[in-house]
Structures are given as structure tokens and as C-alpha cells.
Amino acid sequence: MMLRMCQWLYEHNMRSVIVCASDSNKEITDKIHSFSTKIICTDIKNARQTADIFRELQQEEELHVISFAWTFYMDIERMKKISHLKFDHCLYCIHPETFKKGIGFKSRLLQEYAIRSYRKIYKRMNVNRAIVMMDEINTRESDHYMKVQLDPPPAIIRLPMYCQSRSDADNIINDGYDSNIIMTAARADFPYKGYMLGLIDDFVILKKDFPHIKLQIISAGDDIDELKTKIRQTSEDVRKDIFLEEWLPYEELLAEMRKCKVFIGMGTSVLDAALNYKPAIAVQYSTRENLSDHFIADRPGYFGTEQGVKEKASALIRQSFEWSRNEYKEACKDSFQKVSIMYDIDTCMKAFARYRTKYQGSLLNGYECFRHHMNNVYNNIRFRNVHAFDYEEINGTQKTE
């Protein structure tokens with residue numbers, strides 16, 4: 001997503017800078033550099049160090065800052081408070097658990113305290129137009145957890161995607177119809193992306209009616225061993241048709257997508273599949289079952305399935321194998337068209353380029369700044385041996401991400 005955003009800004013003669021903790025993912029950073037984007041690595045929790053960076057950037061031109069995690073948003077707002085800096089700053093909510101502060105507490109009382117405390121900031125951010133939601137699911141999940149209905153509701157700007165038609169679309173569609181491959185691609189992060197475990201269970205059942213089908217899984221991450229164990233537990237006649245690739249560069253991933261019959265997943269990968277003329281099934285997150293009630297073409301605003309859906313995604317997979325060639329062709333074209341209309345990068349990025357908050361000073365008071373700092377200190381100690389999402393430590397892969 002950040003790569004696409006930087007590319008669009010470059011194409012429209014707008015400067016971009018990424019301030020982050022690490023630039024270890026060379027596949028992505030090398031491409032980002034090609035768009036004249038400056039990458040600055042720093043500890044964002046260090047308010048004085050971060051203030052020096054933003055003060056220098058602000059001397060060059062007006063700043064419009066987007067954070068992608070609430071913790072980072074709070075880090076920057078604390079920095080603004082301490083350093084007396086003012087600039088436009090919003091949080092782009094791209095994950096349904098973005099605002100779920102305190103969700104890890106086992107004590108219900110502590111969780112309720114966290115919700116009450118952070119709900120004040122959540123509401124204050126909305127008044128200031130500092131919240132931008134990616135979709136309706138994130139809006140509902142956030143409001144439900146915070147036990148409030150924001151009024152007016154936050155702006156929604158869809159995930160920006162390059163939606164370019166292909167001259168070989170008909171060949172891709174015909175090859176897809178002749179293919180027997182069910183494909184998915186996701187980080188091994190369970191239970192959040194646990195649908196992959198349920199997909200293996202569904203594949204075992206589907207194999208009885210469609211003996212020639214194959215399952216291709218592209219995955220790597222902290223929970224990859226659980227996925228491997230799940231595959232090993234299947235019978236040999238099923239296991240021989242399950243193929244696990246532990247990582248692929250992005251362009252290679254798209255090329256593999258174009259070979260499959262149907263794609264199953266959640267998030268950006270579903271949109272990628274649709275834009276490569278595939279029927280794409282959007283599944284539910286945070287479950288070890290493979291649940292879905294729609295193809296992305298049916299509900300293009302939902303590239304995940306809402307919590308509470310009970311329908312098995314296997315019914316949609318079965319449907320895709322039962323289509324006639326003409327029905328399959330129409331489904332593929334519909335998939336591309338519906339996603340293109342909603343997620344076109346020009347529409348989404350122009351909305352970001354126009355977007356402004358009401359007030360540019362810090363939204364945090366002194367106590368909230370202190371509390372956030374102490375939370376950082378506590379979490380640094382608690383998670384000192386955890387290196388989640390470390391690109392250099394992806395288990396089992398010798399390829400670039």
C-alpha cells in the first residue's frame with residue numbers, strides 16, 4: 001500500500017517521506033527509493049529525536065502526515081505536544097483491531113478502564129477529522145469495541161489500488177477456467193489469518209467431489225509451523241496436491257495468481273486477485289474456520305467478511321468449479337470491474353491529497369502524553385524478545401518478500 005501511495009505521489013509531482021523503524025525489506029525499499037521517496041529510520045517513541053526530524057522536514061514545506069497504527073499516531077501527537085510542533089496529522093485505519101486498546105488484558109476491569117480512557121481520545125480525534133477509515137467493517141469494529149457511535153462517522157477512503165486492464169485478459173480468464181488450482185496467500189499469523197487452516201479442512205472435503213483440484217498456499221511468518229503441521233495431518237492422497245511456497249516477490253505472486261481458478265483470502269490479496277481477473281472469495285478474520293458469504297464482486301466494499309458470518313467458503317469454491325466457461329468469464333470480468341470502480345488509486349489518493357484535519361496542534365493533554373510514554377516503557381520490557389514482522393527473520397524463506 002505504501003509503495004503504491006509513494007508511486008502515485010511521484011507521478012503527480014508530490015514529495016513523500018516515510019519515517020519508520022526499519023528499512024530491511026529491500027524489495028520494497030528499493031522500489032520506494034525509485035520514486036524519490038526519502039526513508040528515515042528512527043525510534044518514533046523517542047520524542048526529541050523524532051521532533052528534530054519533523055522540524056527539519058517542516059522547514060522544507062508544509063507537512064501532511066498519515067499514521068497507519070494508533071500507537072504511532074500517539075507517538076507523533078506526544079512529540080507534537082512536547083516540541084510545540086503543529087502540522088496536519090491523521091490516522092488511516094487499515095485494520096479492524098487498530099483501536100482495540102486493552103484487548104490483551106485478561107482482566108475485564110482493566111479492559112474497561114482502557115476503553116474508557118482511550119474512548120476520549122478516539123472521540124476527540126473524530127471531532128478533529130483525524131480518523132480516516134478504510135472500510136465499513138473497520139468503522140463498525142472500532143465503534144463496537146469503544147462502545148460509542150461516532151457522529152458524524154469518520155471519512156472512508158478505500159485502499160488505493162492501481163486498476164489497469166490487461167490486453168491478455170481473455171487468455172488469463174480462459175487459462176483460469178481450465179485450471180484446477182485453488183490459491184491463497186497470506187502471512188502465517190493465527191488466529192487472525194487462521195482461515196488457511198480451515199481452508200485445508202475444506203480442501204479435504206472438496207477433493208472427494210473434485211479429485212483433480214490442487215491447493216496452492218503462499219505463506220510465511222511466525223506461525224508457519226502450525227500451518228505445516230496441519231498439512232502433514234492430511235492423508236497422502238490429499239497432501240500430494242497441497243503446495244506450500246514460503247514466500248514470493250510481489251510480481252511473482254501476481255503471476256501465480258493468474259494461473260489459479262479461484263482465489264481465497266482477506267485484505268489486499270483479494271483485490272490483487274480480482275484485478276488479475278480471478279473470482280476472489282473474501283473470508284472472515286480471527287477464526288480457524290474458512291468462512292465467507294460473498295465473492296468480492298458481490299460486495300466490493302468488503303474484502304473481508306464481517307464477524308458472525310457462519311457460511312462455509314467451500315460453498316463458493318464449489319460454485320466456481322461448477323460454472324460454465326461463459327459463467328466463469330462473466331464472473332472474472334465482474335470481479336475486475338467492481339474492484340476497479342471502488343479502489344481506483346486516482347480517486348483514493350486525490351481524496352487523501354485534499355484531506356485536512358481541523359486543528360494541527362497535539363490532541364493529547366499532558367497526562368495522556370505521560371500515560372502513553374509509560375505504556376511504551378512497559379511494552380518495551382514486556383516484548384523485548386519479540387520481533388514480529390521482522391523481514392530478516394521470516395522463517396524458512398531464502399527469497400525476498
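Overview of the structure.

What counts and how
Residues numbered from 1 in each chain as written. Predicted model: local features only at pLDDT ≥ 70, side-chain atom pairs only at ≥ 80, totals over all residues. Heavy atoms only, no water. Phe/Tyr/Trp six-rings, centres within 6.5 Å; stacked < 30°, edge-to-face > 60°. Helix = DSSP H or I, 4+ residues; strand = E, 2+ residues; numbered from the N terminus. Lys NZ or Arg CZ within 6 Å of the ring centre and 35° of its normal. Core = buried A, V, L, I, M, F, W, Y, C linked by side-chain atoms within 4.5 Å. Buried < 20%, exposed > 50% of the residue type's maximum accessible area, 1.4 Å probe, protein only. Polar contact = N/O pair within 3.5 Å; in protein donor to acceptor, adjacent residues only side chain to side chain. Contact = heavy atoms within 4.5 Å. Pairing = 2+ DSSP bridges. Axes fitted to C-alpha atoms, helices over the stretch in contact; angles between N-to-C directions.

1. Overview of the packing of aromatic side chains
In total, this model carries 14 aromatic pairs according to the counting rule given. Judged by centre distance (5.6 Å) and plane angle (65 degrees), the rings of Trp70 and Tyr118 are edge-to-face. In this pair, Trp70 sits in helix 4 (residues 70–83) while Tyr118 sits in helix 5 (residues 108–127), placing the two residues 48 residues apart along the sequence. Cluster of aromatic residues (ring-pair linked, three or more members): Trp70, Phe99, Tyr118 and Tyr122. Looking at Lys80, its charged tip hangs above the ring of Phe87, at a distance of 4.8 Å from the centre. Directly above the ring of Tyr302 sits Arg299, whose terminal nitrogen or CZ lies 4.1 Å from the centroid.

2. Here's the deal with the nonpolar core
Counting residues in hydrophobic clusters, the biggest one holds 78 residues, and the most contacted among them are Ile182, Leu227, Ile281 and Ile317. Top element by residues in this core is helix 8 (residues 195–209). It accounts for 7 residues. Ile121, Tyr122, Tyr145 and Cys369 belong to the second largest nonpolar core, which has 22 residues in total.

3. A word on the side chain of Asp241
Within the element layout of this structure, Asp241 appears in the loop between helix 10 (236–239) and strand 9 (242–245). On the basis of relative accessibility, which here comes to 6%, the residue Asp241 falls in the buried class. Here Lys214 takes part through its side chain, which lies 3.3 Å from a polar atom of the side chain of Asp241. Sequence-distant contacts of Asp241, defined by excluding residues within four places in its chain, comprise Phe203, Lys207, Pro211, Ile213, Lys214 and Leu215.

4. Topic: the sheet that holds strand 9
Pairing within the open sheet is parallel, and its 5 strands lie in the order 9-8-7-10-11. Each of the sheet's edge strands pairs with one partner strand only, and the pair in question is strand 9 and strand 11 (280–282). Strand-to-strand twist of the sheet, defined as the mean angle between neighbouring strand axes without regard to direction, takes the value 20 degrees. Pairing of strand 8 (residues 214–218) with strand 9, which is carried by 4 bridges, proceeds in the parallel orientation. For Ile218, the partnering residue across the bridge sits in strand 9 and is Glu245. Contacts from helix 11 (residues 250–257) reach strand 7 (181–185), strand 8 and strand 10 (262–265) within the one sheet, and its direction differs from that of strand 7 by about 155 degrees.

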